Every structure is written in structure tokens, then in C-alpha cells.
There are 2 protein chains.
Amino acid sequence: MSLIFSRRCEYALQAVLYIALKPQGEMSSIKEMTKKLDIPYHFLGKILQDLSRKGLLKSLKGPTGGFALGMPAKDMTLFHLVEAIDGVELTSKCVMGFPECSGKNPCAVHEQWADLRDGIYKMLVNKHIAEMAKDMKKPMYNSISR
Amino acid sequence: MSLIFSRRCEYALQAVLYIALKPQGEMSSIKEMTKKLDIPYHFLGKILQDLSRKGLLKSLKGPTGGFALGMPAKDMTLFHLVEAIDGVELTSKCVMGFPECSGKNPCAVHEQWADLRDGIYKMLVNKHIAEMAKDMKKPMYNSISR
DNA sequence: CTGTATTCAGACTGACTTATCTGTAATACA
DNA sequence: TGTATTACAGATAAGTCAGTCTGAATACAG
């Protein structure tokens, strides 16, 4: 703490974006991504397996195998990914840790946090992978090819 | 994950607010707060010791001892407390986990997150304990007396 | 001065996160 | 058919976080 996403989730976002930037039909291998993105090999494997089981990615074994998006980039949102990895308690729980916190029963920063939380929620829901891929200007994503 | 503050920090905020609502001159004991706020006894002890060492609280041993604010409630901000417990990397680090992330070198949500991050930062800096105590309407803070 | 209530200090435990290691199953290609 | 390449699975290890336990130091009340 305190960061907004877990390490696991950060890696997931980086990798999914990498996969999304691949030309249609090509697959991305763990080996390839672990090098380009500097993510531990087996750890990345676990994360991508997890996303595959949940349908967000498709995987294929063998020499030409790897990972591809499990749905169109326009349909996959940040919310899908964060929900699958970290969960999205962030968008509902009291920031001061009280079990119940409402307008009638507010904590000391209830109003202010409600606004910020809504902003975060909107970002998660509205931002889809296609748009993210367009806005990404990181050098390690430049020459995406095996 | 994913919550914005650690457990430790949530407890700290709850306790400091409790202390701030005490009549001037009276001290709050761990025993008292652990009951009212439902926080593990020794864990709360550690947290308050930590805040005492950092000057945010004053402590006194013995039968009439306990904790009091280390500075006027108007001068102590959320930022002070969060910085002391969790650290405030949240207000500077890249949300996707990239080591460097700037306008020239943006990640996929750089712009959107910059706005939200500023909002969070402003809340932390501008919200002081005196105001928080005023806005707090939780039942466990109602009859504050030993 | 004595007893008691409190903070203070350190070691310890359990759960979770972040990896790492070793081996197995599936697939493409020569 | 065999071999290389890849994802998959399970065990293990190190680090951090949350919480517990025991006892010492300190200060007040009588």
C-alpha cells in the first residue's frame, strides 16, 4: 500500500494491452511478453491462465501457441479486468473502513470520497481496451512482432 | 486489494478522530477505543505508538494516561496521517505500474488517472481533522466519555 | 511506599501476495 | 513419428500485513 491496483493486476493490464496491439490472428507467448514487459515468467503465466479460465483471454498450446483476446477489444473494459483480478470493492466500500457507511450514517469523508469513487468507477467502466491501446505510447509496445 | 487504505490506516483514522472528539484535556485509552471502535487491542496499541513516535499524537502512561492529539486539530490533515502510515505513493505512481509515466511517455490511462489522482490529493491535503470530526455522524462516536 | 492502570517493546503466528521451480500435457512441424 | 515449443499444474519459498502474546517500564491514586 498504498497503490490502487495489485502487482498482479498491473501485470495483467500491461499484458492484455500487449496482446491487444498484436495484428489480428497472431498470438502472444509468455516468453515474448516477459522479455518485452519485464514481468517474471511463471508469475505472468499464472495471471494469464487465470484470465483464460475466466474467458477474457483465449489460449493455445504448442509452437505457434500463446494468448489472444477472448472478446473484441471494444467490448472488454478496464472493469472486466480489474474485477477478475483484484475485485472492485474499491467502488463500494467505505474509505475509512466502517462496515456501514451511508448518507444517513456518513463517515468523515463520505461526501468527498463518493465523488472520487464515482469518477474511478466511470473510468473503469467506460475505458475499453481498444481505446487504451490507442492511447498507449510506451516504447516497449512499439515493435510488436515475434 | 483493492482498497484505497490499509487496515492499519483505516484504524488509525478511526482512532485519531475518536481522540479529536474528546473534550480538551482528556485523554483516550486503548482499552476504551478498542471497545467503542471494535479494533484489536494490541494492534491498535502498535498503531498509536507509531503515530506518537512521529509526533502526531502525545501519549502518557499510568492510570489517567492515554493519547491526545500532538497538534491542533485544524493543523492535522488526512495527508499527515496517511503519509505516516501507508505512504502517499498513490499520489505519484503510475496506475498501470510502469516505472516511468509522463505526458511524453503516457500509459493507457494517464490523462484520466491524473485528474482523479489530483482529486484524491486535494482531498488528503485540504481535509483536516477538525472538519472531519464535525462531519462524522457515526453512533459509536456519540457518547464520548470514559 | 505500594498497588494498579496504562503505554511500550519484542517475539511470535497465520494468511496473503509475489514470486520460483519442476514437471506434464498439448500442438505444430520436420 | 519424433522433437521442439508452448501452455498448464502443483509444490515451495520469501516478504509483507494483520493480529496475538508476554512481559517490562512508567506514572498516578491511595
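Look a little higher up for the structure.
The text that follows walks through the structure, step by step, so that each part is easy to find. (Residues numbered from 1 in each chain as written. Chains lettered and ligands numbered in written order. Predicted model: local features only at pLDDT ≥ 70, side-chain atom pairs only at ≥ 80, totals over all residues. Heavy atoms only, no water.)

All names here are of chain B. With 4 bridges joining them, strand E1 (residues 57-60) and strand E2 (residues 66-69) adopt antiparallel strand pairing. By the bridge assignment, Leu 57 is partnered in E2 with Leu 69. The turn linking E1 back onto E2 is made up of 5 residues, and Gly 62 within it adopts a positive phi angle of 90 degrees. (Pairing = 2+ DSSP bridges. Helix = DSSP H or I, 4+ residues; strand = E, 2+ residues; numbered from the N terminus.)

All names here are of chain A. Two elements in contact, helix H4 (residues 78-85) and helix H5 (residues 110-126), have axes whose closest approach is 5 Å; the angle formed by their N-to-C orientations is 105 degrees. Considered as vectors, H4 and H5 are oriented roughly perpendicular to each other. For the pair H4 and H5, the contacting residues are Leu 78, Phe 79 and Val 82 in the first and Tyr 121, Met 123, Leu 124 and Val 125 in the second. Its residues placed into classes, the contact of H4 with H5 shows 7 nonpolar, no polar and no charged. (Axes fitted to C-alpha atoms, helices over the stretch in contact; angles between N-to-C directions. Parallel < 35°, antiparallel > 145°, perpendicular 65-115°, else oblique. Contact = heavy atoms within 4.5 Å. Nonpolar A, V, L, I, M, F, W, Y, C, P; charged D, E, K, R; others polar.)

Its identity is not glycine, yet Asp38(A) carries a phi of approximately 60 degrees, on the positive side. Among the structural elements, Asp38(A) can be located in the loop between helix H2 (30-37) and helix H3 (41-53).

Let us look at the relation of the copies chain A and chain B. Of the transformation superimposing chain A on chain B, the axial component is 0.0 Å and the angular component is 180 degrees, with the fit at an RMSD of 0.0 Å. What the superposition gives is, in effect, a two-fold axis relating one chain to the other. Comparing interface residues between copies, 100% of those in chain A also sit at the interface in chain B, which points to an isologous, same-surface contact. (Least-squares fit on C-alpha atoms with pLDDT ≥ 70 in both.)

Contacts between the two partners involve 44 residues from chain A, matched on the other side by 44 residues from chain B. Each partner contributes to the roughly 3,900 Å² buried at the junction of chain A and chain B, and carbon and sulfur atoms together form 67% of this total. For the interface between chain A and chain B, the tally reads 0 salt bridges. Of all the secondary structure elements, the ones that give two or more residues to the side of chain A that touches chain B are helix H1 (7-20), H5 and helix H6 (129-135) of chain A. Counting residues per element, the side of chain A that touches chain B draws most heavily on H5(A), which supplies 6 residues. Classifying every residue of the side of chain A that touches chain B by side-chain character gives 26 nonpolar, 8 polar and 10 charged. (Buried area = accessible area lost by both parts, 1.4 Å probe. Salt bridge = Lys/Arg side-chain N within 4 Å of Asp/Glu carboxyl O.)

As far as function goes, none of this settles anything; it's purely spatial.
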